[in-house]
Amino acid sequence: MSDSLAAASTAAGPMAEVALTGDLARPARLTVSELLSWPQHRAQVSFDCATSGVQHHRFTGPFLHDVLVAAGPGFDPARRKDRLRFLIAVRGADGHRALLSWAEIDPDFGRAPVLLAVTMDGTPLDRAGPQLVLPQDRCGARYISGIEAIRVDGGYTVWT
Ligand SMILES: Nc1nc2c(c(=O)[nH]1)N[C@H]1C(S)=C(S)[C@@H](COP(=O)(O)O)O[C@H]1N2
Ligand SMILES: [Mo]
């Protein structure tokens, strides 16, 4: 980070961080600028909001799948059936949250190109925090902004 960016971030509060927790070999706290170290993808999307109508946005960022694989989810990657019980819980700083299944974003199953966006309409999300982008969704409600935590869960509690 340049000195001027560091000074600006001090003036406007700290950079947002997203915590990766749960059934992971390498839990992590990542800033938006650290999310730039994965391959970046673009998505031009439209989604409908129940209160404000149709929205159009451009996003860039890594695939959620790539970021979570790097954190070491607790399944044997060679065994496809192991992954099917894993859940991904995403929470925004305001408490808005949604669940995805691991299979939804897995290239062997649903293959949804879900992004952990680091820019929206050309504006960096360093202070706001990353945003979930689901180009397959008709509705905007899962486009969680200001993500502060993503928890990977092997689903052990679902069946007890
Ligand atoms: N953190 C957070 N993200 C959120 C919401 C929210 O309440 N909190 N609302 C969702 C809903 S219902 C919609 S439609 C979109 C709205 O995106 P927009 O503000 O760009 O129109 O954000 C989604 N992301
Ligand atoms: Mo919405």
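Calculation notes
Residues numbered from 1 in each chain as written. Chains lettered and ligands numbered in written order. Predicted model: local features only at pLDDT ≥ 70, side-chain atom pairs only at ≥ 80, totals over all residues. Heavy atoms only, no water. Pairing = 2+ DSSP bridges. Helix = DSSP H or I, 4+ residues; strand = E, 2+ residues; numbered from the N terminus. Near = heavy atom within 4 Å. Polar contact = N/O pair within 3.5 Å; in protein donor to acceptor, adjacent residues only side chain to side chain. Areas by Shrake-Rupley, 256 points an atom, 1.4 Å probe, with all protein chains shown as cover. Nonpolar A, V, L, I, M, F, W, Y, C, P; charged D, E, K, R; others polar. Axes fitted to C-alpha atoms, helices over the stretch in contact; angles between N-to-C directions.

Looking at an unreviewed UniProt entry, one finds the protein chain named Oxidoreductase molybdopterin-binding domain-containing protein, with Streptomyces violaceusniger as its source organism.

As a further point, take the sheet that holds strand S4 (residues 53-61). Read from one edge of the open sheet, four strands run S3-S4-S8-S9, paired in antiparallel fashion. Looking at strand neighbours, the two that pair on one side only are strand S3 (41-49) and strand S9 (123-124), the edges of this open sheet. In this sheet, S9 lies alongside strand S8 (residues 119-120) in antiparallel orientation, the contact comprising two bridges. Following the sheet pairing, Thr119 is matched in S9 by Pro124.

What follows is about the site of ligand 1. Phe47, Cys49, Gln55, His57, Asp94, His96, Gly140, Ala141, Tyr143, Ile144 and Ser145 make up every residue found near ligand 1. Contact between ligand 1 and His57: an oxygen atom at 3.1 Å from a side-chain N or O atom of the residue. Here Tyr143 contributes a backbone N or O atom positioned 2.7 Å from a nitrogen atom of ligand 1. For ligand 1, whose unbound accessible area comes to 530 Å², protein coverage reaches 69%. Those elements that provide at least two residues to the shell around ligand 1 are S3 and S4. Residues of the shell around ligand 1, tallied by class, amount to five nonpolar, five polar and one charged.

Looking now at the sheet that holds strand S2 (residues 28-31). Spatial ordering of the open sheet is given by S2-S1-S11-S5-S6, a layout of five strands whose pairing is mixed. The two strands at the open ends of the sheet, each matched to only one other strand, are S2 and strand S6 (97-101). Direction aside, the axes of adjacent strands within the sheet are offset by 20 degrees on average. Sheet topology note: the strand S5 (residues 87-92)/S6 ladder contains five bridges and is antiparallel. What sits directly across from Val90, in S6, is Ala98.

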